[in-house]
Amino acid sequence: FASGPLSGKHIIVTSGPTHEPIDPVRYIANRSSGAQGTAIAQALVALGAQVTFVTGPASVPPPTGVTLVKVETAQQMKDAVMAALPAQSAVFAAAVADWRVANAGTQKIKKTAGGLPALEFAENPDILATVSSLDAAMRPALVVGFAAETQDVTELAREKRARKGCDWIVANDVSDGTGIMGGTENAVTLITAKGAEDWPRMAKAAVAQRLAQRMAEALG
Ligand code: C5P
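Residues numbered from 1 in each chain as written. Predicted model: local features only at pLDDT ≥ 70, side-chain atom pairs only at ≥ 80, totals over all residues.

Draft legend 1. Expanded view of the UniProt feature "binding site: CTP" (unreviewed entry) in the chain. The feature "binding site: CTP" (unreviewed entry), as annotated in UniProt, sits at D98, K108, P125, D126, I127, L128, F146, K160 and K164 in this numbering. The largest pairwise C-alpha distance within this set of annotated residues, which runs over 67 residues, is 38.2 Å, so the set is dispersed in three dimensions. Turning to its location among the elements, D98 is positioned in the loop between β6 (89-92) and β7 (99-101). Discounting chain neighbours no more than four positions away, the residues touching D98 are E123 and N124. Looking at the element boundaries, K108 is found in the loop between β7 and β8 (121-123). When sequence neighbours within four positions are dropped, the list of residues in contact with K108 reads D23, P24 and V25. (UniProt positions renumbered as here; feature names shortened; annotations may be inferred. Helix = DSSP H or I, 4+ residues; strand = E, 2+ residues; numbered from the N terminus. Contact = placed C-beta atoms within 7 Å.)

Draft legend 2. Examining the packing of helix α1 (residues 35-46) against helix α5 (residues 204-219) more closely. Close contact between α1 and α5 brings their axes to 8 Å; oriented N to C, the two are set at 45 degrees. Classified by the angle their axes make, α1 and α5 are oblique. In this structure, the crossing between α1 and α5 has a hand that is right-handed. Mapping the contact onto sequence places A35, Q36, A39, I40, Q42, A43 and L44 in α1 and K204, A205, A208, Q209, L211 and A212 in α5. Of the residues belonging to the contact of α1 with α5, the class tally is nine nonpolar, three polar and one charged. (Axes fitted to C-alpha atoms, helices over the stretch in contact; angles between N-to-C directions. Parallel < 35°, antiparallel > 145°, perpendicular 65-115°, else oblique. Left-handed = near helix turned anticlockwise from the far one by under 90°. Nonpolar A, V, L, I, M, F, W, Y, C, P; charged D, E, K, R; others polar.)

Draft legend 3. Quick peek at α5. For α5, built from 16 residues, the straight-helix expectation of 22 Å at 1.5 Å per residue is met to within 8% by its first-to-last C-alpha distance of 22 Å. Of all the residues in α5, the buried ones are K204, V207, A208, L211, A212, M215 and A216. G220, located one to two residues past α5, shows a positive phi value of around 55 degrees. (Expected span 1.5 Å × (residues − 1). Buried ≥ 20, exposed ≤ 12 C-beta atoms within 10 Å, placed from the backbone.)

Encoded structure:
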């Protein structure tokens with residue numbers, strides 16, 4: 001057993017993008033690197049937590065000392081999170097695709113003289129909202145979501161906290177020019193039941209350490 005304030009606590013962390021197949025060789029993705037989720041998992045491990053790290057295809061190496069579960073799609077990520085429960089806490093740092101391709105090909109889609117392919121979309125499950133609304137027996141005591149916004153960050157994050165039913169939201173401004181998306185620094189606002197706290201801009205690793213510390217205090 002690792003020692004530290006989170007010793008004996010199981011925490012699930014989701015991270016990275018998801019890939020949603022169009023056919024066996026093509027997919028839809030997003031620009032998430034997995035950097036912030038990886039840093040959070042590493043900071044939780046450093047405080048002694050037993051971490052299940054459920055990650056989409058990230059561009060940074062995974063943290064060490066975790067139970068690593070690699071997935072590709074949102075549906076697979078949801079299944080992996082549900083299978084990893086119960087947990088004392090869960091942090092949803094993944095950039096989950098909102099939609100998957102409903103008419104994905106089982107064979108490679110070919111160019112034809114007949115015209116262009118048409119993609120149809122279906123909504124993906126919201127993993128954060130699903131876990132937040134579980135019965136008390138299965139719901140982690142501290143559910144943490146993220147909100148990446150380009151305007152009215154605090155207000156939209158407060159609304160998101162209520163809508164998703166999670167305990168905390170880590171909100172950040174990813175508008176053009178902040179250099180946050182894909183960068184090494186982050187400037188976040190932590191939204192809890194008590195209100196909003198603006199944290200100064202700092203390295204993603206420092207945001208992760210501060211968040212892990214706060215989680216340790218909250219989980220007692
Ligand atoms: O609604 P939005 O995607 O902005 O919410 C972001 C938060 O919800 C993040 O914590 C993200 O990991 C989580 N999320 C999820 N499943 C989805 C979509 C978002 O867990 N399908």
